[in-house]
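Examining the three-dimensional arrangement
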Amino acid sequence: MLEVRNLHAKVGNTEILRGIDLTVNAGEVHAVMGPNGSGKSTLAHVLAGRESYEVTAGEVIYEGKDLLKMPPEERAREGVFLAFQYPVEIPGVSTTYFLKAGVNAIRKHRGLEEFDAIDFLALIKEKMKLVEMDQSLVNRPLNEGFSGGEKKRNEILQMAVLDPKLAILDETDSGLDIDALRIVANGVDALRSKDRAILLITHYQRLLNYIVPDYVHVMFDGRIVKSGGKALALELEDKGYDWIKAEVELAQPTIA
Amino acid sequence: MMVTASKELDTYLSDFELFEKNGATKGPSWIHQIRKAAISRFSELGFPTTRLEEWKYTNVAPIAKTRFKRAECEANGLTAEALARATLEESACVQLVFVNGHFSRKLSSLRSLPEGVKAGSLAAAWGSDPASIEPHLARHASYHDHAFVALNSAFMKDGAFVYVPKGKVVERPIHLLFVSTAPFDSAQDRPVGLAHESLGTAVVSHPRNLIVADDGSQAMIVESYVGVGTNVYLTNVVTEIIGGKNAVIDYYKVQRESEEAFHIATVQAHLDRSSNFSSHSIDLGGALVRNDLNATLDGEGIECTLDGLYMVTGRQHVDNHTRIDHVKPHCSSRELYKGLLDGKSRGVFNGKIYVHKAAQKTDAKQTNKNLLLSEGATINTKPQLEIYADDVKCTHGSTIGQLDQDAVFYLRSRGLDLATARNLLTYAFASEMVGRIKVEPVRAQIENLLVTRLQHGSRAEDAR
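Because the structure is a prediction, the values reported are computed rather than measured. (Residues numbered from 1 in each chain as written. Chains lettered and ligands numbered in written order. Predicted model: local features only at pLDDT ≥ 70, side-chain atom pairs only at ≥ 80, totals over all residues. Heavy atoms only, no water.)

1. A short note on the overall build of chain A
Stated precisely, the cut-off is as follows: For the purposes of this entry, the term helix denotes a DSSP run of H or I that reaches at least four residues, the term strand denotes a run of E that reaches at least two, and both are numbered from the N terminus. With the radius of gyration taken over C-alpha atoms, the globule rule is written as 2.2 Å times the number of residues to the power 0.38. Exposure is judged per residue with a 1.4 Å probe applied to protein chains only, and the accessible area is read against the type maximum: over 50% gives exposed, under 20% gives buried, and values in between give partly exposed. Residue exposure ignores everything except the shown protein chains as possible cover, and the areas themselves are Shrake-Rupley values with a 1.4 Å probe. Residues scored as positive are Lys and Arg, those scored as negative are Asp and Glu, and His as well as the terminal groups of each chain are ignored. Charge placement uses NZ in Lys and CZ in Arg. For Asp and Glu, CG and CD serve respectively.
When you go through chain A residue by residue, the secondary structure sums to 9 helices and 12 strands. In terms of overall size, chain A behaves like a compact globule, its C-alpha atoms giving a radius of gyration of 18 Å where 256 residues would be expected to give roughly 18 Å. The 256 residues of chain A split such that 53% are buried. Roughly 11,200 Å² of accessible area belongs to chain A as shown, and the carbon and sulfur atoms make up 49% of that amount. Counting 31 positive and 39 negative side-chain charges, chain A places the averaged centre of each group 2 Å from the other.

Laid out in structure tokens, this is it:
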């Protein structure tokens, strides 16, 4: 589904991604872990099409197409979804209104009939149960005055409604108390399917107790430096990131 | 002092002589006195220049240079159908229509006016009911320091008079619709085609409105300004609003003049103890627009809310000057003006809050927020506090920004295209003000205009 090859990206003059290689197939859950500043979030945003990052080398093939050529809305319509670490507050636009506009743009692109208000209401009501949200929240202006947990649940609600093929979750677990984490994680886990790939960007292992990944990758300094199964996550939890750093530094002279 | 009137002023002075000789000036002598004093003051003031602090960013030279013809015509051939886009649903309100400043009974609908409430032509009222007019007219909007108020006071001929008696609650909004039309060519049975070269055919009207809400009364007043055709004209309006003790006045001014029009307006509200005045000023039209909105809180416990929304594009210029005078203690004022500026438009906001020495416990808050949608748009914003009391709570602030790129990306990442994302955010910015409009047909009208404007904007962007 997703083939990332030698991806380099920078912000201004700072190179943040320095050669990412990653293959994700349908039905798989990949966790991307790493210390702060390793480039995890940048990877997520570059895949979603944020224009403030400049791709300087490499390619991303998504469903056989050149993902990097598509504007963000086209990526969304082709099935790429990013759950934001910091969802934006938009006073004056309700979640319902905005999400209906989004889902219909996607459906139109896929040649499906657009939802009318009644169909959409039924859909969103069903999906709200998944993240234990109530009606009053989705009628409120988008994310305005939402707690951290409510914002993250709203992201997962959007994921459920938009039904992406590739869902990228950028630190969806950060800042959540254990109850909110459980709700969010259960919501995501329920959305696992053989047709969908999920990329979990996270700093901590605890999310992976709920959503058990098929693969774990460790990012450091703009590269994926180690990949493995779920055991790798536990090892990181246990030992921290320092041993990875040490390994990388040890390897460096030979690279040079 | 020797007054050296320029050629521009001479035109007005000689026109005033004509105006006086003309039968149109029939009326009580006190009106005549006001007019004479006002023209004399105007001849001293002249048109303001940008050297004056209050007019620093608004150059009225295009108005001063244009030779306007006083609009004499009545509702020539103007039909209710032609006004449909500007009228409010008839069943929902009392509607008074003014064509080039003159009251048109034919186009108005006064059927649902409650007993005791007066609404109609000011000129008719100052003849038949001077006791209701004389104590108020020109007592509040001062022509001594504002040239356009002086001009209006000199040439005032008609406008709206609304009186709500003591304790009366008027449930339905009273809509005052001001329509400017091109001079009518009766031979052709259509408006005369106007072009810039035909100076002297541009018309001016000086509508004069007086709204009196007696003690304990309640009313919603909506003033709308529209133009029929695309001609150059000037609307120079003055509205005086008097709120008695405990009166509740919800006042709307919706300015949708045609795109070549000049619109100069002064609204002066004088409020008594425990009254509640809220104003909603909406500017969408006009080439050059200046609003002066002044509220004098002359009693304790008054609540005053000033809301404003201006949405301009192309080369439009809109200037909102507001002044709130806290004269007595324990009053609160809340002011929020929002501006959306696109194209090469220019906005000016100047909000003055003046807290007099006696006005202890004043609670005043003023905010001006602007969204610049293009590189070429400009806003000059200046909040001003002058405080002479020592126990008050006053805050003010202004913001100028562009669309939040994080928010644009967020929306696009959910499948919305760039134009839709921008429109949605622009709409969101303005919708706060629309949501504060309590008169449902006005709210719906503004909402529609806003959505239409945004769709046009996105089409223009697609074309580029």
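2. Some words on the interface of chain B and chain A
For the record, the criterion: In what follows, residue pairs with any heavy atoms lying within 4.5 Å of each other are defined as contacts. Buried area: the accessible surface (1.4 Å probe) lost by two parts on joining, summed over both. For this document, the term salt bridge refers to a Lys or Arg side-chain nitrogen within 4 Å of an Asp or Glu carboxyl oxygen. Polar contact criterion, stated in full: a pair of N or O atoms within 3.5 Å, where within protein one must be able to donate a hydrogen and the other to accept it, and residues adjacent in sequence count only if both atoms are side-chain atoms. Classes in brief: Ala, Val, Leu, Ile, Met, Phe, Trp, Tyr, Cys and Pro nonpolar; Asp, Glu, Lys and Arg charged; the others, Gly included, polar.
The interface of chain B with chain A comprises 18 residues on the first partner and 32 residues on the second. Both sides of the chain B and chain A interface together cover about 1,900 Å² of buried area, and 65% of this is carbon and sulfur. The interface formed by chain B and chain A contains 4 salt bridges. With a shortest N-O distance of 2.6 Å, B:Arg412 and A:Glu73 are connected by a salt bridge. In this structure, the connection of chain B to chain A is made through 10 residue pairs in polar contact (both at pLDDT 80 or more). Of all the secondary structure elements, the ones that give two or more residues to the side of chain B that touches chain A are α7 (405-412) and α8 (418-435) of chain B. Considering only residue class, the side of chain B that touches chain A consists of 10 nonpolar, 3 polar and 5 charged.

3. A few points about the packing of helix α1 (residues 7-21) of chain B against helix α2 (residues 29-45) of chain B
All names here are of chain B. Here is the rule we go by: To obtain an axis, a line is fitted to C-alpha atoms, over the contacting stretch when the element is a helix, and the angle between two such axes runs from 0 to 180 degrees between their N-to-C directions. Here roughly perpendicular refers to angles of 65 to 115 degrees, roughly parallel to angles under 35, roughly antiparallel to angles over 145, and oblique to all remaining angles. Two helices cross in a left-handed way if the nearer one is turned anticlockwise from the farther one by less than a right angle. They cross in a right-handed way if the turn is clockwise.
α2 packs onto α1 with a crossing angle of 165° between their chain directions and a minimal axis gap of 10 Å. In terms of orientation, α1 and α2 fall into the roughly antiparallel class. The handedness of the crossing between α1 and α2 comes out as left-handed. Along its contact with α1, which presents Leu9, Tyr12, Leu13, Phe16, Phe19 and Glu20, the element α2 presents His32, Arg35, Lys36, Ile39, Phe42 and Ser43.

4. A look at the nonpolar core
Rule in force here: As used in this record, nonpolar core signifies buried Ala, Val, Leu, Ile, Met, Phe, Trp, Tyr and Cys residues forming a set joined through side-chain atoms within 4.5 Å. In this document the domain limits rely on a domain assignment from an automatic tool or a database.
Core analysis: the biggest nonpolar cluster contains 120 residues, and A:Ile20, A:Leu47, A:Ile90, A:Ile168, A:Leu169, A:Leu200 and B:Val442 have the highest contact counts within it. When residues of this core are assigned to their parent elements, the largest contribution, 9 residues, is made by α8(B). Mapping this core onto the domain boundaries places at least three of its residues in each of domain 1 (7-298) and domain 2 (403-464) of chain B. Leave out the neighbours within four places in its chain, and B:Val442 touches B:Leu88, B:Val222, B:Tyr252, B:Val254 and B:Ile437. Counting residues in each nonpolar core, the second largest holds 46 residues, with B:Leu293, B:Leu306, B:Val312 and B:Leu372 among its members.

5. Observations regarding the sheet that holds strand β10 (residues 197-202) of chain A
In any sheet, the strands associate via hydrogen bonds between backbone groups, in a parallel or an antiparallel arrangement. Residue and element names in this part refer to chain A. Applicable threshold: Any two strands are treated as partners once DSSP identifies two or more bridges connecting them.
With mixed pairing, the 6 strands of this open sheet are ordered in space as β6-β9-β10-β3-β11-β12. Each edge of the open sheet carries a strand with a single partner, namely β6 (80-83) and β12 (223-228). Sheet twist, expressed as the mean angle between neighbouring strand axes with direction ignored, is 20°. The pairing of strand β3 (residues 29-33) with strand β11 (residues 215-220) spans 4 bridges and is classified as parallel. Paired with Val32 across the strands is His217, a residue of β11.

6. Focus on the packing of aromatic side chains
Definition in use: Between 30 and 60 degrees the pair is tilted, below 30 it is stacked and above 60 it is edge-to-face, where a pair is any two Phe, Tyr or Trp rings, Trp via its six-membered ring, whose centres lie within 6.5 Å. Remark: a charge is flagged as sitting over a ring if the NZ atom of Lys or the CZ atom of Arg is within 6 Å of the ring centre and within 35 degrees of the ring normal.
In this structure the tally under the stated criterion is 18 aromatic pairs over all chains. Ring geometry for B:Trp55 versus B:Phe148: centroids 5.7 Å apart, planes at 35°, classification tilted. Taken together, the positions of B:Trp55 in the loop between α2 and α3 (61-65) and B:Phe148 in helix α6 (residues 147-155) put the pair 93 residues apart, joining distant regions of the chain. Here a set of aromatic residues connected by ring pairs shows up, and it is made of B:Tyr12, B:Phe42, B:Phe47, B:Trp55 and B:Phe148. In this structure, A:Arg107 packs its charged tip against the face of A:Phe115, placed 3.9 Å from the ring centre. The side chain of B:Arg290 reaches across the aromatic face of B:Trp55, ending 3.8 Å from its centre.

7. Structural notes on a negative patch on the surface
Residues and elements named next belong to chain A. Stated formally: Two distance rules govern patches: like charges are joined within 9 Å, and nonpolar side chains (Val, Leu, Ile, Met, Phe, Trp, Tyr) within 5 Å, applied only to residues with over 30% relative accessible area and no salt bridge.
On the surface, Glu113, Glu114, Asp116 and Asp119 cluster together to form a negatively charged patch. Mapped onto the fold, Asp119 is located in helix α4 (residues 117-130). Overall, the relative accessible area of 39% leaves Asp119 in the partly exposed class.

8. Some thoughts on the domain arrangement of chain B
All names here are of chain B. For chain B, the assigned domains read domain 1 (7-298) and domain 2 (403-464). Interface area, domain 1 with domain 2, both sides summed: about 1,000 Å², of which 70% is carbon and sulfur. Per-residue buried area on domain 1 facing domain 2 is highest for Leu88, Tyr252 and Leu284; these three make up 40% of the total on that side. Joining domain 1 to domain 2, the criterion identifies 1 salt bridge. Across the pair Asp250 and Lys438 runs a salt bridge, and its minimum N-O distance is 3.9 Å. Looking at the side of domain 1 that touches domain 2, the element that brings in the most residues is strand β13 (residues 248-256), giving 4 residues. Looking at the side of domain 1 that touches domain 2 residue by residue, the classes come out as 10 nonpolar, 3 polar and 3 charged.

9. Regarding the packing of α4(A) against helix α6 (residues 148-162) of chain A
Residue and element names in this part refer to chain A. Look at α4 against α6: their axes get within 9 Å of each other, and the N-to-C directions meet at 130°. Taken together, the axes of α4 and α6 are oblique relative to one another. Handedness of the crossing formed by α4 with α6: right-handed. Between α4, through Phe120, Leu123, Ile124, Lys127, Met128 and Leu130, and α6, the contact on the second element is made entirely by Leu157, Ala160 and Val161.

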